[in-house]
Amino acid sequence: MAATFFEQPILNSPYECPRLHHALDAEGQPLDAPPVTGRRRSELITPVPKWKKASGKGKQASMLFEDEQGLSTTAQEYNPTPIINEIRSLMEAWRALPNPGDWGVTPATQRLLTHWRSYKFQGVRPFFCQVEAVETIIWLTELAPRLRRCDAIRAHLKNANLASNPELFRLAMKLATGAGKTTVMAMLIAWQTVNAVRSPTSAMFSKGFLIVAPGITIRDRLRVLNPDDAESYYRTRELLPSDMIGDIAKAKIVITNFHAFKRRETLDLSKVGRSLLQGRGEAPVTTETEGQMLQRACGELLALKNVVVINDEAHHCYREKPQSEEEPDLKGDEKDEAKKNAEAARLWISGIEALKRKVGVRAVYDLSATPFFLRGSGYLEGTLFPWVVSDFSLMDAIECGIVKLPRVPVADNLPSAEMPVYRDLWKYIGKKMPKKGVGKSGTLDPLKLEPELQTALHALYGHYAKTHDVWKQAGISVPPVFIVVCNNTATSKLVYEWISGFRRTNEEGEEKAFHKGFLSLFSNYDTYGERLARPNTLLIDSEQLESGEALDPQFREMASLEIEQFKREKIAREGAGASVEALSDAELLREVMNTVGKEGRLGEGIRCVVSVSMLTEGWDANTVTHILGVRAFGTQLLCEQVVGRALRRQSYELNDVGLFNVEYADILGIPFDFAAKPVVAPPTPPKQVTRVQAVREREALEIQFPRVEGYRVDLPEERIVAQFTEDSKLVLTPEEVGPCTVLLQGIVGEGVELNAKNLELIRHSEISFHLAKHLLYTRFRDPGQPPPLHLFGQIKRVAREWIDGGYLICKGVPMATVTYLQMAEKAAERIYLACQRPQAGGARVKAILDPYNPKGSSRFVNFTTSKDTFKTDAAKCHVNYVVSDSNWEAELARVIERNPYVLSYVKNQGMQFEVPYRDGAVLRKYVPDFIVRIDSGDEQTLNLICEVKGYRGGDAQLKAETMKNLWVPGVNNLDAFGRWDFVELRDAFGFQDAFDKLIDSYVKKVAA
């Protein structure tokens, strides 16, 4: 294994296109070589670390990535990676276009792309892989149909769908586990909805969406895609500009699991009752019609036309083809599994096809980390869906740090074993483990668990205990999680009891055996043999919970003690009125599972989960650090699905070089051929995160603010006067305009100096004329109107005053460089702002509000942070914490809280309070630091915007000028949001005196 790979596995920023990748040899092994410049091509290669001893025997079945095995036929192309790479190359050139007007997309799409690429998000911003996936769909939808060079791509996708999904047009996005597919779904919905609302006649967009999940766990988790959900991604993750929030509310979204497509019985009849009804005629129809099923499953979508379907974990959805020579005959458990896969896939895709027949389906977007055909599909298992259009593989995700680095065994101290025993544990113990479920296996003794399995549990637990101690010392309030995946209920019960403890009674009910459990941190009993009030270990049947059906009686009996404990805990947490009886046992266990690792919820204290069935997807706790497999794994596809449960990162904080720190997941018993090294790595304590949110009990302290989109200036008298200040100065240096003196030399001979002396010949009057013309056309002309030429003389006089007054400062560059367009824009903005300063009979400014969302509020603050925080006074602030980007914010919060005239205040973080301003020709938005409501004795409460500023660059000048001369007077002139003012505080050691003096001045002014 290459040393460089393990010394620095993370090469790239998660927020930029990958620039480096680790070199691999022909067998997918990382080479001991420096990283290669450029992005890795989509070749579907998994780096496979070999164990130390190897022959040609007993190799693990792998995914079929290459066409060397003759998989492609005239009817089916199995490897679409050439198309993926071609799309990538075309999109790289498209993405590099600097002017949004050249992107070839709608104005609404331009806004969204600009927002996703460059907005300063308060929390985790969208990863590059998320933006790229959405960009690919946008590019294929809005741009590619107009490009001749994309004919081959469109033909490939059309033929791929005709061969596999003849009634549907599907586009699949391959995103590694942990890369954030839910965020991608939200971005797709936002793009489609905003365009559908703003371009209602377009045939490309829809505001109706059916989200289909493989189980109830994922269905419940996807509720954040509903705009009105309390944790809606559109708001909490800032996926939309503020003016588009109103558009997303018009989306119609139905989230369901594919089981809902199964037609249900409308009449519950016994066999005898059915025979009586039938008599001598035809059997009575007691199942739903297709229309009834759609009405139940899709609800309000049936009132729309041409909806969009989004499939989560889409590898479960396909139209199988008749078994051919490509798929071998299966027997036993493999045959049962294949049958189950085929039935689920048939039900899923049939439901979507029925919806298309009813209302039409505009597009189907598939998301999956493993978009491969499953066993039973009629294709070789591991065959990539041919309609995949974007690929961000697990190796890409590791090189960007988006997921944990999985570690698997590569060597052990057993000389006779070719492969490490714990690499594929089932190979050594499978024949000795129970073959049937708990109901058919009789009474089993946990103390007789296979020695290899006991040692594996002890070995992995030893590292878990170290990790647990590190987390505890770091003050992390929830424990790391250890998962055991078993083959059936008998095995799971054995492992569960061995880990967590058990009791045995005789026929008279007397206890004849008790054991506390072998792994103390996972025991569910105290030292006196009593069950703990909160279990440390949880036994789960994943398949039963995901189906939504009632628990199997045998499993219900196994888990009865846990269920009763969780019911008691729910009553203790929510009070005596908690409606636990209305919850089914399965719903209660699902709630526990879905809240593992979440502070203050039922599952917060769970340390170990023993799972029956695969636990393959949908369970996305980011606290999983260890996994043990106690079952057979047929292919790498299944291995990657299970290992994926441990790959979600715990911390998303960048380090000093702008990359994520490495996090690890330790894997035993799952023959996952990915990355391993026989070294001990100390566990890294994750950072403590804090929930920053508005407190309902403090709603009286709520602060509202206007959402301003621009400004309108009326000139009541055509007399232009400017008041210049220090903020009116513009400093030009070679950094802004480039070097003005250059020395050229050859290898030999005389050198020559180039300079820009010709610019020094331009007179001041010419410069002022140029600036006046620029001001007239860009600042004083109304849109669509001719320029007011009668004002030119006054504007020129003001421009000359600005120059002669020493407000244009040139250091090492000629003064005429201010006539460069970019510099002229900066000069024009400073002069224009000076003309807007309030004066008698002068300009009157009015703020232009966001028409869709004119008012913002502190009540919408809700995000998490790992930064330092300052706990706020419950009598002064609506929000529970102030996030300290520096010590200055915390100091100002302290100063604000101690002032008796302060009614309430809030730190502007997570509120989307933005101030538009111009930086030259570029429109930007500025985010002030604090809003403080002050009782100055006036009829109207004063809203004071406070900005903490150390170094003041040119942009800080523009922000302050915009606040004082446009935003504050513009909002005050609306007479709808109270009285506003702005102040900058620059000396952290003088905050208290400066703030108190300012507040006193307001009070005295009113009193006078």
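In what follows, the structure referred to is the one given above.
Residues numbered from 1 in each chain as written. Predicted model: local features only at pLDDT ≥ 70, side-chain atom pairs only at ≥ 80, totals over all residues. Heavy atoms only, no water.

*Asks:* Is there a simple way to think about the pattern of salt bridges in this case?
*Replies:* Oppositely charged side chains may form a pair once their charged atoms are brought near each other. Applying the stated rule across the entire model yields 38 salt bridges. With a closest N to O distance of 2.5 Å, E353 and R319 form a salt bridge. Linking E353 in helix α12 (residues 332–359) with R319 in the loop between β6 (307–312) and α12, this pair joins segments that are 34 residues apart in sequence. (Salt bridge = Lys/Arg side-chain N within 4 Å of Asp/Glu carboxyl O. Helix = DSSP H or I, 4+ residues; strand = E, 2+ residues; numbered from the N terminus.)

*Asks:* Before we go on, may I ask you to explain the environment of M187 in this structure?
*Replies:* Mapped onto the secondary structure, M187 falls in helix α6 (residues 181–198). On a C-alpha basis, the gap between M187 and V134 in space is 7.0 Å, while along the polypeptide they are 53 residues apart. M187 has contacts with W116, P126, Q130, V131, V134 and L239, leaving out every residue within four places of it along the chain. (Contact = heavy atoms within 4.5 Å.)

*Asks:* So what exactly am I meant to see when it comes to the sheet that holds strand β7 (residues 361–368) here?
*Replies:* As summarised here, the arrangement of the six strands in space is β5-β4-β6-β7-β3-β8, forming an open sheet in which the pairing is parallel. Two strands close off the open sheet at either side, each with one partner strand: β5 (252–257) and β8 (388–392). Strand-to-strand, the axes of this sheet are offset by a mean angle of 15°, without reference to chain direction. Here strand β4 (residues 208–213) runs beside β6; their pairing, made up of four bridges, is parallel. Residue pairing in the sheet places F209 in a bridge with V308 of β6. Lying over the sheet, helix α4 (residues 128–143) contacts β3 (170–175), β7 and β8, oriented at roughly 165° with respect to β8. (Pairing = 2+ DSSP bridges. Axes fitted to C-alpha atoms, helices over the stretch in contact; angles between N-to-C directions.)

*Asks:* Mind showing me how you'd approach the environment of A345 here?
*Replies:* Relative to the helices and strands, A345 resides in helix α12. Overall, A345 belongs to the buried group, its relative accessible area being 0%. When the C-alpha positions of A345 and R319 are compared, they lie 6.8 Å apart, and in sequence the two are 26 residues distant. A345 has contacts with H316 and Y318, leaving out every residue within four places of it along the chain. (Buried < 20%, exposed > 50% of the residue type's maximum accessible area, 1.4 Å probe, protein only.)

*Asks:* Explain the pairing of β7 here, please?
*Replies:* Both faces of the sheet carry side chains from a regular strand, because those side chains alternate between them. Buried residues dominate β7, accounting for seven of its eight residues. Summarising the sheet, β3 and β7 pair through five bridges and their orientation is parallel. Opposite A172, over in β7, you have D366 as the bridge partner. As judged from the six bridges shared by β6 and β7, these two strands associate in the parallel manner.

*Asks:* What is the right way to look at unusual backbone geometry in this model?
*Replies:* Glycine aside, residues mostly have negative phi, and peptide bonds are mostly found in the trans state. Residue E238 is not a glycine yet carries a positive backbone phi of 55°. Structurally, the position occupied by E238 is in the loop between α8 (233–236) and α9 (245–248). The phi dihedral of Q912 falls on the positive side, at around 60°, and the residue is not glycine. Looking at the element boundaries, Q912 is found in the loop between β29 (902–907) and β30 (915–919).

*Asks:* Explain the nonpolar core to me, please; I cannot follow it from the model alone.
*Replies:* Most often, soluble globular proteins have nonpolar side chains that are buried together. Residues W116, W139, I211 and Y365 are the most contacted members of the largest nonpolar core, which totals 101 residues. Both domains that meet at this core, namely domain 1 (80–263 + 288–322 + 334–400) and domain 2 (420–441 + 450–678), each give it at least three residues. With 53 residues, the next largest nonpolar core counts Y905, I934, L944 and V968 among its residues. (Core = buried A, V, L, I, M, F, W, Y, C linked by side-chain atoms within 4.5 Å. Domains from an automatic or database assignment.)

*Asks:* Help me understand the side chain of S42 in this model?
*Replies:* For S42, the position within the fold is in the loop between β2 (36–37) and α2 (81–95). A distance of 2.7 Å separates the side chain of S42 from the side chain of D391, its partner in a polar contact. Aside from chain neighbours lying at most four places away, what touches S42 is T81, I84, N85, R88 and D391. (Polar contact = N/O pair within 3.5 Å; in protein donor to acceptor, adjacent residues only side chain to side chain.)

*Asks:* Would you mind showing me how to read the sheet that holds strand β32 (residues 930–934) here?
*Replies:* Two pairing modes exist for strands in a sheet, parallel and antiparallel, and in both the strands are linked by backbone hydrogen bonds. On the basis of which strands lie adjacent, the open sheet formed by four strands has the order β29-β32-β33-β34 and mixed pairing. Each edge of the open sheet is held by one strand with a lone partner, namely β29 and β34 (979–985). On average, each strand axis in the sheet is tilted by 20° relative to the strand beside it, whichever way the strands run. By the bridge criterion, seven bridges tie strand β33 (residues 942–948) to β34 in an arrangement that is parallel. Note that in β34 the partner of L944 across the bridge is D981.

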